[in-house]
Amino acid sequence: REKIDAQGLAISGAEPTLVEVVQELGDVMAKKNIPTRRMKAVDRWYAFEEEGVPKQKTKWVKVRYPASSPALNISDCSKFKTFSHIFGDNRSFLELLLLKRKMKGPSWLTIKGATRVSEGNQITWASEEYSVDTYKSVTALPDTDHRPPPLTVMSLNMLTFLNESKKVNEIAAVTCVVNREVSMDGQVNNNAVTKWTAVRRLGDNVFPFDLEKVFRSKNCEVPRKEQTEKALLTGLMNEIERTDPDMLVGHNFMGFDLDVLLHRMAANGVGNWSRIGKMRLRQMPRLQSGAGGTGESTWEERAVLNGRLVADTYLLAREYLKESSYKLLRLAITQGLEGPSGPVTETMVEEEPFLDVAKELGSSEGIYKLVHWCDTKAVLALGLMYKMQIIPLTKRLTTLAGNLWSRTLTGSRAERIEYLLLHKFHLQKFICPDKARRKWAPKQNEDDEAEVGATAARGKPKYLGGKVLEPKRGLYTDYVLLLDFNSLYPSLIQEYNLCFTTVERSEQLADGSYADCPVPTEDQLVCDSCKHLLKQQTEDGKPRLKIEKGGSCLHRCLLPKAIKELVDSRGQVKKLLKAETDPQKKAVLDIRQKALKLTANSIYGCLGFQSSRFYAQAIAQLVTSKGREALTNTVEMVPKIDQSLDVIYGDTDSVMISTGMSGDVNAAIKMANLIKKDVNKMYRCLEIDIDGIFKSILLVRKKKYAALTLKDLAKGDNPDNVKQEIKGLDLVRRDWCPLSQKMSVQVLNFILSGRPGDEILDTINTYLAEMGDSIRNGKEDLKDFIITKSLTKAPEQYADRAVQPHVQVALRMKEQNLTVQTNDLIPYIVCEATSVNPDVLGLKADWDKSKLAMRAFHHDEVKNPATGLKPDLDWYLATQIHPPITRLCEHIQGMDSHYIAETLGLQASKYLVHTSSSTSSEPMAVYRYTTHSYDMDDEQRYEDCEQLQFDCGRCKAPVVISIKQRLYEAVEKLFQENMDPSSVGPMNFFTCEQCSTVVPLPKIYNTVLLKIRQHQQKYYSQCPQISTHPSKDAPHSTYTDQMFRHQLTYYISMFDFPNARDQVYNRLERKLLAPVRKSQPALFTQKQRSLNDLFQATINKTLPSELWIEDPLERKRKLVLRGEQLQKAEQLKEDLSVLTKMIRIRLQSCRRHYVNLGDLFANMGQRRPEEDGMKAKA
DNA sequence: ATGTTAGGTAAAGATT
DNA sequence: AATCTTTACCTAA
Ligand SMILES: [Mg+2]
Ligand SMILES: [Mg+2]
């Protein structure tokens, strides 16, 4: 503080003397009984967010006192007269040790003057324990001098079952797989593996007499047989004591096994429980509530393991692998791991959750099965740990940051960066930010408010991030260049010397963000004290320090320098990697470069992380703002380099540039290099690079695209050198059902195939029509309807759980004693409302089926025939299939939402709902689905359409040729006449009803064709007012393209037998049986049966559904019809298909045509994909 | 307690 | 009935 005069006023520019400060401080310390002998004045720097602390070299008072005294722990300095801040009064000894002794990562240590701690006073389980008087006795030795020792690694897995009466998880079997020779650089000696397996008896049961025999017959070692859970766990602790592993490995060990183990050891009174870690503990920590293993382990639980590294492969896989499921067996498949009996199969993945541990304990075969599972999972977790190279990678990361290895394994990135910066700033004599003090009192009070406010506030961004350009959507088949800045944010920090020490913080605004900070000037790169030295130097000529032009002094730009160090050493490692041929050494180098990259890339994130000690939002904001600037500048530069270039998209650090070139890749590469050179001229450190060249790209939305990219630019444009790359599309997201994904993949492949537009249209059209049929006919695998969503919290914690399908399913799973945890994937299928029967399913009677969540059921529930659940095919078509497919196709010539809907068999016209989304320029049509869409009355739907009229060639009577109508009338008549199903014969559709004269197919064909032409003319004669999205207010006087399509769809409906079949039956049942349904239930059932029989008989004689079986052999086998009748049926099917195909083709060409016209009249100024091709056609 | 922001999509509820 | 808002999920960078 400024010195205060006798009147209590601050004397400007004057400082209190050292004696005055020491006196005031000494008083405070004396009150806490802290010795005050060692205080001295020192020079220190400061660069962080605490206000009022000078940011140049300043005099500080340094206080040292023995660790045995309490922490000074002063949070409020306002009452002091001579000083305004105290730093480091609450620092942990561990942090001090690491910083003072410059210990960075695991290494050998030299310890001088250690004294042996007597056995009785040991605080650890170590065989020998020593103590030293001062941290100065400890010195770290670099690995280069001494080879690091091998680690003993123990993979631990256990099987549990729920004790229903006590509602707790009990442990039935445990496997430990131990390897004593795991090298820290990633090599494993698989000959050093031992296995320990124990299984216990259940209740009063005895072990089966033939247990040994069964195990021996399978050539399997007999497990240890324990009489009780207590004996099992005591045995396990003894085994851990004997092995004394350096590292424990387990899949979800932190989220399940640890808590269950501690619960059971507490419940059984296992005496040596603290052997699980290396510390001798007396007090069992506070455990989770509940059955054990229901969620994240508590802080105290983790502390039990102190002294051992823990590799939880579940958490590690989530951090280091990009997968859609992190179940151990799933990962085993995707990572190609092998268990003791070979690779993991799909069947194993499916069976695993259903293993009934308590039941299997009852037989020798069952116990064998359990032991095998238990062993397998222990082996797989270990294998997964090796595969991810956890030991070398985390060791490297730890060495870079200088934190604790055990903390790197639990994944806290922020802490790693904190330590990296702590080491750097400590070295230059900076005062570092203190760890935030835990606030005890207010937390309790604000709990409730925080809970409510937090959900909204937590995710809310505090400042602007990367820029995403609005994509110019569509399919591009010219070469598209992808240029991408290398490590944009780390590079910007270097480029502009962004550091805690250089960026002048601006005012914080009302919205929580900061006003734009200015980029540091050259003047700011040298601190005042160094400037002073420089000045002296020029005055007296004595060399003191050397700073290059534009360079910085030691006390500035520590952050950019730290990054530069990382980037430079990565460059060196990569160079070595290129030259290295030995695969093992190569792997080590690859890990090193990975660790360097990971560390550099996470630095920016930690600047913006609120709980970080080095939190500096203003700097984070400046980084992203410079990033946006770099992108914008690049976008503006590109067209200036060459007029033909067009930036079609860009995200944060990349631009995609359409070249208009095709055929000559080398020309495109040359162009890319030209752009690269020009952009890079602008920057000192920042560098843009060619990330790829696309042969074709479908640009769908921001962050959503698919492209064919050239694998190796040197190898040119040939089919072998092409790879598909998909980003963000629905089909890469696990929250869409596999059916939707598979269909999207197919459609996308067609689109990117590079075949002519017409061909693509036809292929997609046929495919969608086929799939639509197949889905409606129930031919698709039930598994393909499963939607998977993960729980982001415990199911009970969802405020709107009644409305979330996966939460509903999860809650039911819990009721059935299945373990459901946060982040678990919950699979569900949306079912028809009519098939959801609350009685059968044991749900509440007032189950509200209007909500989607109430129609969502687990695959196992739907699979079970007793539930009667059926997937809601209409919902799937309208919600899971139609929108994603539309998004892929809507920018393709001749495709739009309605067309796709029609092809899929969705009813368009009357069920159209428009919604607008603020982000997309065009409103997207959403097709409503109904549970009874087949009941839609076609007469009503097509009432606006022109009817088809034929006259009988002989009696001139009008002939109705509509499958629907004829079928309906025929069966109605049979029913009313009470006919016997066996006497029903085949129907004729193309005949006069009066005189039975056949109306020949060519006549029908030509009449339809003629009609279509008339409509076509009517349509084209109009001014080509193109409306791809017809709305209700479009004037009815004009004949719109939608009306035209509607007409054609009506024609198709006349000859579409499968569709007619389903509709007609529903209509018959409604009209003929509805009157008796309520009043006479018995009669209703009887009548329903006879109607159904008559209907089926008619169908079977006329056009049996087996005719649609694709495989000819199977079709022949299943068909009951024979001889002439079969021939007739086949002919009829063929005739109908000829007619519908013909109409469908018109429907397609209509679409193509009007889109072409539309483009002719559209604003030609704007460049469009495939422009050239289109002009030619037009 | 445990890196950041940007963005699309669906469903349901609230508001106009 | 149309439109806006909120919540949840998952992805890109
Ligand atoms: Mg990049
Ligand atoms: Mg990029």
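Residues numbered from 1 in each chain as written. Chains lettered and ligands numbered in written order. Predicted model: local features only at pLDDT ≥ 70, side-chain atom pairs only at ≥ 80, totals over all residues. Heavy atoms only, no water.

## What about the overall build of chain A?
Right, on to step 1. Helix and strand counts for chain A come out as 37 helices and 28 strands.
Right, on to step 2. Taken across its 1178 residues, chain A has 47% of its residues classed as buried.
Right, on to step 3. Surface accessibility of chain A: about 60,000 Å² in total, with carbon and sulfur atoms responsible for 51%. (Helix = DSSP H or I, 4+ residues; strand = E, 2+ residues; numbered from the N terminus. Buried < 20%, exposed > 50% of the residue type's maximum accessible area, 1.4 Å probe, protein only. Areas by Shrake-Rupley, 256 points an atom, 1.4 Å probe, with all protein chains shown as cover.)

## Things to note about the nonpolar core
Looking at soluble globular proteins, one finds that nonpolar side chains tend to be buried together.
Right, on to step 1. Core analysis: the biggest nonpolar cluster contains 212 residues, and Phe425, Phe500, Met743 and Phe1055 have the highest contact counts within it.
Right, on to step 2. Ignoring any residue separated from it by four or fewer positions in sequence, one finds Phe1055 in contact with Leu948, Ile961, Ile963, Phe990, Ile1004, Val1008, Leu1136, Leu1139, Thr1140 and Ile1143.
Right, on to step 3. In this structure, Leu159, Val349, Leu370 and Trp373 belong to the second largest nonpolar core, which totals 52 residues. (Core = buried A, V, L, I, M, F, W, Y, C linked by side-chain atoms within 4.5 Å. Contact = heavy atoms within 4.5 Å.)

## Comments concerning the coordination of the magnesium ion (ligand 2)
Right, on to step 1. Distances from the magnesium ion (ligand 2) to its protein donors, Asp484 (OD) and Asp653 (OD), fall at 2.2 to 2.4 Å.
Right, on to step 2. Here the magnesium ion (ligand 2) and the magnesium ion (ligand 1) are spaced 3.8 Å apart, linked through Asp484, which binds each one. Remark: Asp653 occurs in the loop between strand S17 (646-649) and strand S18 (654-658) and Asp484 occurs in strand S16 (residues 480-485); sequence separation between them is 169 residues. Asp653 shares its class with Asp484; the two are buried. (Donors = N, O, S within 2.8 Å, 3.2 Å for Na, K, Ca; no water.)

## Re the protein's contact with DNA strand C
Right, on to step 1. In the vicinity of DNA strand C, 19 residues are found, and the nearest of them are Asp653, Arg733, Ser790, Thr792 and Tyr798.
Right, on to step 2. Considering DNA strand C, the proportion of its atoms within 4 Å of the protein that are sugar or phosphate atoms stands at 88%.
Right, on to step 3. In this structure, a base nitrogen belonging to DNA strand C sits 3.2 Å away from a side-chain N or O atom of Lys703.
Right, on to step 4. A distance of 2.3 Å separates a phosphate oxygen of DNA strand C from a polar atom in the side chain of Thr792.
Right, on to step 5. Each residue belonging to the surface near DNA strand C can be placed in one class, and the counts come to 3 nonpolar, 5 polar and 11 charged. (Near = heavy atom within 4 Å. Polar contact = N/O pair within 3.5 Å; in protein donor to acceptor, adjacent residues only side chain to side chain. Nonpolar A, V, L, I, M, F, W, Y, C, P; charged D, E, K, R; others polar.)

## What to know about the sheet that holds strand S7 (residues 151-163)
Right, on to step 1. Taken together, 6 strands build an open sheet; the order of strands is S10-S9-S8-S7-S11-S12 and the sheet is mixed. Edge positions in the sheet fall to strand S10 (224-226) and strand S12 (309-312), since each of these pairs with one other strand and no more. Sheet twist, expressed as the average angle between the axes of neighbouring strands with direction ignored, equals 20°.
Right, on to step 2. Note: S7 against strand S11 (residues 247-250), 3 bridges, orientation parallel. Each bridged residue has a counterpart across the sheet, and for Val153 the counterpart in S11 is Met247. (Pairing = 2+ DSSP bridges. Axes fitted to C-alpha atoms, helices over the stretch in contact; angles between N-to-C directions.)

## As for the coordination of the magnesium ion (ligand 1)
Right, on to step 1. Here the magnesium ion (ligand 1) is held by Asp484 (OD), Phe485 (O) and Asp653 (OD), and the distances to it run 2.1 to 2.3 Å.
Right, on to step 2. Of note, the magnesium ion (ligand 1) draws all its donor residues from one chain, in the sequence arrangement D-F-x167-D.

## Comments concerning unusual backbone geometry
Right, on to step 1. Here Lys102, not a glycine, exhibits a phi torsion of approximately 50°, which is positive.
Right, on to step 2. Positionally, Lys102 belongs in the loop between helix H2 (93-100) and strand S3 (108-111).
Right, on to step 3. The exposed category is assigned to Lys102, whose relative accessible area is 53%.
Right, on to step 4. Its identity is not glycine, yet Asn817 carries a phi of approximately 65°, on the positive side.
Right, on to step 5. The topology assignment puts Asn817 in the loop between helix H24 (805-815) and strand S23 (825-830).
Right, on to step 6. Using a relative accessible area of 32% as the deciding quantity, one classes Asn817 as partly exposed.

## Quick notes on the packing of helix H22 (residues 738-752) against helix H23 (residues 757-776)
Right, on to step 1. Viewed as axis vectors pointing N to C, H22 and H23 meet at an angle of 165°, and their least axial separation amounts to 9 Å. Compared by their axis directions, H22 and H23 come out roughly antiparallel. Read as a crossing pair, H22 and H23 show a hand that is right-handed. Between H22, through Leu739, Lys742, Met743, Gln746, Val747, Phe750 and Ile751, and H23, the contact on the second element is made entirely by Ile760, Thr763, Ile764, Tyr767, Leu768, Met771 and Ile775.
Right, on to step 2. Its residues placed into classes, the contact of H22 with H23 shows 11 nonpolar, 2 polar and 1 charged. (Parallel < 35°, antiparallel > 145°, perpendicular 65-115°, else oblique. Left-handed = near helix turned anticlockwise from the far one by under 90°.)

## Looking at the environment of Val1076
Right, on to step 1. With respect to the element layout, Val1076 can be found in helix H33 (residues 1057-1079).
Right, on to step 2. The class for Val1076 is buried, based on a relative accessible area of 12%.
Right, on to step 3. Taking the C-alpha atoms as reference, Val1076 lies 9.1 Å from Lys1087; in sequence the two are 11 residues apart.
Right, on to step 4. What Val1076 contacts, discounting residues up to four positions off in sequence, is Pro1081, Leu1083 and Phe1084.

## What to know about the packing of helix H12 (residues 390-401) against helix H14 (residues 413-427)
Right, on to step 1. In contact at an axis separation of 8 Å, H12 and H14 are set at 35° when each is read in the N-to-C sense. Here H12 contributes Leu397, Leu400 and Ala401 to the contact with H14, which in turn contributes Arg416, Tyr419, Leu420 and His423.
Right, on to step 2. Of the residues contributing to the contact of H12 with H14, the split by class is 5 nonpolar, 1 polar and 1 charged.

## Notes on the domain arrangement of chain A
Right, on to step 1. Splitting chain A by domain gives domain 1 (18-85), domain 2 (151-388), domain 3 (424-715), domain 4 (730-741 + 753-911) and domain 5 (945-1149).
Right, on to step 2. Placing a centre on the C-alpha atoms of domain 2 and another on those of domain 5 gives a separation of 63 Å. (Domains from an automatic or database assignment.)

## A short note on the packing of aromatic side chains
Right, on to step 1. Taken as a whole and assessed by the stated rule, the structure comprises 21 aromatic pairs.
Right, on to step 2. For the pair Phe80 and Phe83, a centre-to-centre distance of 4.6 Å together with 25° between the ring planes defines the contact as stacked.
Right, on to step 3. The class for Phe83 is buried, based on a relative accessible area of 9%.
Right, on to step 4. Relative to Tyr705, the ring of Tyr649 has its centre 6.1 Å away and its plane inclined at 65°; by these criteria the two rings are edge-to-face. With Tyr649 in strand S17 and Tyr705 in strand S20 (residues 704-710), this pair connects stretches of sequence that are 56 residues apart. (Phe/Tyr/Trp six-rings, centres within 6.5 Å; stacked < 30°, edge-to-face > 60°.)

## Concerning the state of the cysteines
Right, on to step 1. Across all of its chains, the model carries 0 disulfides by this definition.
Right, on to step 2. Not engaged in a disulfide, the cysteine Cys530 finds its nearest cysteine sulfur in Cys527; these two sulfurs lie 3.6 Å apart.
Right, on to step 3. Given a relative accessible area of 5%, Cys530 falls into the buried group.
Right, on to step 4. Summary of cysteine pairing: Cys995 is not part of a disulfide, and the nearest cysteine sulfur, belonging to Cys952, is at 3.3 Å. (Disulfide = S-S within 2.5 Å.)

## Some points on the side chain of Thr709
Right, on to step 1. Turning to its location among the elements, Thr709 is positioned in strand S20.
Right, on to step 2. With near-sequence residues (within four places) excluded, Thr709 lies in contact with Ile693, Phe694, Asn721, Val722, Lys723 and Glu725.

## Regarding the pattern of salt bridges
When charged atoms on two side chains of opposite charge get close, those side chains can pair.
Right, on to step 1. All told, the structure shown has 50 salt bridges when counted by the stated rule.
Right, on to step 2. A salt bridge links Lys59 to Asp43; the nearest nitrogen and oxygen atoms lie 2.8 Å apart. You can see Lys59 sitting in strand S2 (residues 58-64) and its partner Asp43 sitting in strand S1 (residues 38-44), a full 16 residues away along the chain.
Right, on to step 3. According to the relative accessible area criterion, Lys59 is exposed, its value standing at 57%.
Right, on to step 4. In this structure, Arg275 engages Glu241 in a salt bridge whose closest nitrogen and oxygen atoms are separated by 3.3 Å. Within this pair, whereas Arg275 is found in the loop between helix H5 (253-268) and helix H6 (299-303), its partner Glu241 is found in helix H4 (residues 229-243), the two being separated by 34 residues in sequence.
Right, on to step 5. When its relative accessible area of 37% is taken as the criterion, Glu241 is described as partly exposed. (Salt bridge = Lys/Arg side-chain N within 4 Å of Asp/Glu carboxyl O.)

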